[in-house]
Amino acid sequence: MSERDQVLFILAKKIHGDIAGRIAERLSRVGEATDEQLSQALGIEIGIIRRLLNELYESRFVRYRRVRDVDQGWYLYYWRLTDDDPFRVVEERKKKVLENLKLKLEHEESGSYFVCPQCKTRYSFDDVADYMFRCPECGSDLEAADNSLIIDKLKMVIRRLEELKLE
Ligand SMILES: [Zn+2]
């Protein structure tokens, strides 16, 4: 395995689990494979292989080439490891996660969440206005949520993620 593939393998395994690591390892060895070929080679159910390939694709660890099977009339997907710099791949993923976390923090800090004192269900301000400030589950009057714990937690995760160095 090349040093670059090795890094992809380790990251894929770390983020998506052991089987994803084995998929990356296999793709590094054979270059390209379909989901069925991977399923057979690794002895793992094709549904699991497909789900993990999609996850790996979302994280940009793998790419695919689509070929129309003339006889069958459907498409075959040939998967391979990405040609991108693996650290850039993870850096971009990190950026995306951070964006989502900051958006979430913004929502929490805007103080527009409510909670039912009875069943503890949380509602956003938009929902609550529709329900006239009563819990649709149990009918109790809703209260403004104390989300300071969630805010602290989000801030901590964001700070740790920002400080995280990959190299
Ligand atoms: Zn309730």
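Quick note: structure is the one above.
To keep things clear, this report deals only with the structure shown in the data block. Predicted model only: the values in this text are computed from it and were never measured. (Residues numbered from 1 in each chain as written. Predicted model: local features only at pLDDT ≥ 70, side-chain atom pairs only at ≥ 80, totals over all residues. Heavy atoms only, no water.)

Regarding the overall build of the chain
Helix and strand counts for the chain come out as 7 helices and 5 strands. When the helices and strands of the chain are placed in sequence order, the string is α-α-α-α-β-β-α-β-β-α-β-α. Taken over C-alpha atoms, the radius of gyration comes to 22 Å for the chain, far larger than the 15 Å a tight globule of 167 residues would show. Principal-axis analysis of the C-alpha atoms places the extent of the chain at approximately 60 × 45 × 25 Å. By residue count, 32% of the 167 residues in the chain fall in the buried class. Pairs at least 24 residues apart make up 52% of the contacts formed inside the chain by residues separated by at least 6 positions. A distance of 4 Å separates the average location of the 29 positive side-chain charges in the chain from that of its 32 negative side-chain charges. (Helix = DSSP H or I, 4+ residues; strand = E, 2+ residues; numbered from the N terminus. Rg over C-alpha atoms; globule rule 2.2 N^0.38 Å. Buried < 20%, exposed > 50% of the residue type's maximum accessible area, 1.4 Å probe, protein only. Contact = heavy atoms within 4.5 Å. Lys, Arg positive; Asp, Glu negative; His and termini not counted. Charge placed at Lys NZ, Arg CZ, Asp CG, Glu CD.)

Focus: the packing of helix 5 (residues 86-109) against helix 7 (residues 148-163)
Where helix 5 contacts helix 7, the axes come no closer than 10 Å and their chain directions differ by 155°. Viewed along their axes, helix 5 and helix 7 adopt a mutual orientation that is roughly antiparallel. In the crossing of helix 5 with helix 7, the sense of the turn from one axis to the other is left-handed. Contacts from Lys94, Val97, Leu98, Leu101, Lys102, Lys104, Leu105, Glu108 and Glu109 of helix 5 reach helix 7 at Ile150, Ile151, Leu154, Lys155, Val157, Ile158, Leu161 and Glu162. Here the residues of the contact of helix 5 with helix 7 are counted per class, giving 10 nonpolar, no polar and 7 charged. (Axes fitted to C-alpha atoms, helices over the stretch in contact; angles between N-to-C directions. Parallel < 35°, antiparallel > 145°, perpendicular 65-115°, else oblique. Left-handed = near helix turned anticlockwise from the far one by under 90°. Nonpolar A, V, L, I, M, F, W, Y, C, P; charged D, E, K, R; others polar.)

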